[in-house]
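Chains, contacts and geometry: an overview
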Amino acid sequence: MLTAILLAVWLNLFLAFSDPVVQTWAARYTAAFLSNKTGATITIQKISLGLKLQLVIEGLEVTDLHHNQLLSTQRLEVIPAAYHFSKALKLRSVSLDQPSFHIVRYEGEDDFNYQFLIDAFSGNASGSSTGQTDYPVEVFKLALTEGRFSYIIAGSDTVPEREMDYNRLIVNNINLEAQQLHLRGDSITASITSLSAQERCGLKLEKLSTELTLGDGFANARGLRINLPESALDLDLRMRFSGLRAFDDFIDSVFLIAEMRPSRLQMSELGYFSEELFDMPNMLSFQGKAQGTIAEFRAEGFRMAYGTTTLLEADVNMTGLPDIYSTYVRASIRNLTTGITELERFRIPDGTIQLPSKVKSLKQLSLRGMFEGTYKDFITRFNMNTGLGYLAADLVMRTNPLNDRTNYKASFSTKQFELGKLISDQGIPGKTALAMRVEGSGLTAADAIIDLSGQIIAMEMPGTVFSGIDLSAQFEDLTLTANAKFNDPKLTFRLSGSADFAPEKPVFNVDLRLD
C-alpha cells in the first residue's frame, strides 16, 4: 500500500513537472528563493523531473556581488542513489553541460567573490569563515562537458601572453569524468579517470588521471598520469600550502613532493612556465624523487636520458626558477655519459651547444663530478673518460655584471691521453700525461687574455717516452707567445716562439736552443 502511494505521488510530480508552465514556475520560484537567501542574482530557465528520478536544471546562472558571472551551466542533471538524506547525500550521478566557474578577488577586497555564498549557507556573515560541515556528500559518477574555469587576482601584474599567469588562470574546454567523489568537512576524495583542458597561454592537457585527495592545506595525487601533446608523466604528487592564497604565488609558496616513475618530457612544453624553454625542443626521459617549491627544489636519485647515448644520474638542487639564466644549481653527478655529436644536437636558448671542431675527436664521454653555480658563474670539478683517454679538470668561471666579461681559472690533467689526435698533430702519435693550469678572460679570440703553464709528465714518441717537459704560453691581442723546456735525460733543449693572428695570414716565429 505504501509503495503504491509513493509511486502515485512520484507519477503525479513527474506529470506536473512535464508541463512547461510548471517547469518555468519552479525555476522562477527556486531562483527567487536562492537570490533572496544569498543576495546574488540567480536565474534558472527550467526545472524538470525524469522517470529515472533525475532532477534536471537548465539555464542556471549565478552572479557575484559585483554583478559578474560567478557560475553557470547550460544543463545540470542529478540522479539520487538513496532517498534518506538525514545522514548523507548520495547521488548516483551528476552531469554538467558547459559549466563555468569564475573565482575572482577584486582589487581592494580580502575575500574571493564566492565567500558570500559560503556565508549565506553557513549562517556566518563575517566573511572570514569557510563554514565547514560534516554532512557527507557522495557522488558515484561525475561528468563535466565543455567546461570553463577562471581564477583572477584583479590588479595584479600581467605576464607575456604565452606564459602561465598564476594570477590570471583561464581554462577552457574542460572535460571531466570522475568516480567515487566524497565530500566531508574540508576534505574531498575522487577517482579522476579522465580530465582534459586548455589554458589561455596555450598549454594543452590531453589527459589526466589520478586518485585525488584534497584537504585543508594539502592535495595528494596518487598514480598521477599527465599527457601533453608530446610529454607523458607518471608520478605520485603531494602539495602543501597555507590556504588558497598560496596559489597567488604558486612558484614560491606551494611545496611539492614528487616520486616520478619513468616518464618523458618535451622541454619546449615547459616554455609556458619559463619562456626560454620554448627554444629548447629536447625530448627527455627521466625518473627520480624531487621536493620543494618550483623556485627552490632538490631532486634525489635523478636519472635522465636524452637521445640514444646520453644518460645523467645525479642529485640536484636548484634555486631561482623559472628564470633559467639566474637559477643557482648544485649538482652531484654520479654518472654522465654522452656522445659529442648528440651533445651538439641539444638545443639551448641561443641555438645549439657549439663545441670546437677538435673536441669532436673525444667521441664518447663518461663523466663524474660536481657543478655549482649559475649559467655564467660556476665552479665545476670532474673526472672524464673519453675516446682519447682520461681527463680530470677543475674550472671556475665568473662573469662581471658591470661589463659582462667572463673570467676563468682552470687546472686539468690527463693520463694515457692521445693529445695528437685532439690537436690534429701527427707529430705526437702516442699517449700523453700532463698537468696544466689556465687563467684568463674573454670567450672570443678577439678579446681573450689567457695565461697557461704546466708540465708534460710523459709523452710517447716512436720508440721512446719523453718526460719532464715544462710549458708556458700567453695569448693577448691575437698574439700567442709560448715557451717549452725539455728536461728529459735523453734530450735537453729550450723552445720559444710567437704567433700573430691579427694579419690575414698569421706570422710565426720560432727559436730553438739545444743544451
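Small disclaimer: the values here were computed from a predicted structure and weren't measured.

**Here we look at the packing of aromatic side chains**
Summed over the entire model, instances satisfying the criterion amount to 13 aromatic pairs. Ring plane angle 35 degrees and centroid distance 5.8 Å describe the contact between Phe112 and Tyr151, whose orientation is recorded as tilted. Pair noted here: Phe112 is in the loop between β6 (100–105) and α3 (115–122) and Tyr151 is in strand β7 (residues 137–153), with a separation of 39 residues, a long-range link. You'll find Phe112 and Tyr151 in the same group, each marked buried. Residues Phe475 and Phe501 carry aromatic rings whose centres are separated by 6.4 Å and whose planes lie at 45 degrees to one another, so their mutual orientation is tilted. With Phe475 in strand β26 (residues 464–476) and Phe501 in the loop between β28 (491–500) and β29 (507–514), the pair connects residues that are 26 residues apart, well separated along the chain. Three or more aromatic residues joined by ring pairs form one cluster here, namely Phe112, Tyr114 and Tyr151. Lying across the ring of Phe112, Arg105 places its NZ or CZ 5.6 Å from the centre.

**Looking at unusual backbone geometry**
One can expect most non-glycine residues to show negative phi and most peptide bonds to be in trans. Residue Glu146 is not a glycine yet carries a positive backbone phi of 50 degrees. The phi dihedral of Leu478 falls on the positive side, at around 65 degrees, and the residue is not glycine. Within the element layout of this structure, Leu478 appears in the loop between β26 and β27 (479–488). With a relative accessible area of 25%, Leu478 lands in the partly exposed category.

**What to know about the environment of Leu514**
Looking at the secondary structure, you find Leu514 in strand β29. Linking Leu514 and Thr492, residues 22 residues apart in sequence, is a C-alpha distance of 6.5 Å. Dropping the residues within four chain positions of it, Leu514 is found in contact with Thr492 and Phe493.

What counts, and at which threshold
- Every chain is numbered independently, its residues counted from 1 as its sequence is written.
- Where local features are concerned, this predicted model is filtered to residues with pLDDT of at least 70; where side-chain atom pairs are given and counted, the filter is 80 or more; whole-chain, interface and lining totals use all residues.
- Side-chain descriptors were evaluated using all non-hydrogen atoms of the structure, hydrogens and water having been removed beforehand.
- Pairing of aromatic side chains requires ring centres within 6.5 Å, counting the rings of Phe and Tyr and the six-membered ring of Trp. Pairs whose planes differ by under 30 degrees are stacked, by over 60 edge-to-face, and all others tilted.
- Each helix corresponds to a stretch of at least 4 residues labelled H or I by DSSP, and each strand to a stretch of at least 2 residues labelled E; elements are numbered beginning at the N terminus.
- Partly exposed residues are those whose accessible area sits between 20% and 50% of the maximum for their type, while under 20% is buried and over 50% is exposed, using a 1.4 Å probe and protein chains only.
- We call a charge positioned above a ring when the Lys NZ or Arg CZ atom is no farther than 6 Å from the ring centre and deviates by at most 35 degrees from the ring normal.
- Contact between two residues is taken to exist if any of their heavy atoms lie within 4.5 Å; hydrogens are not considered.

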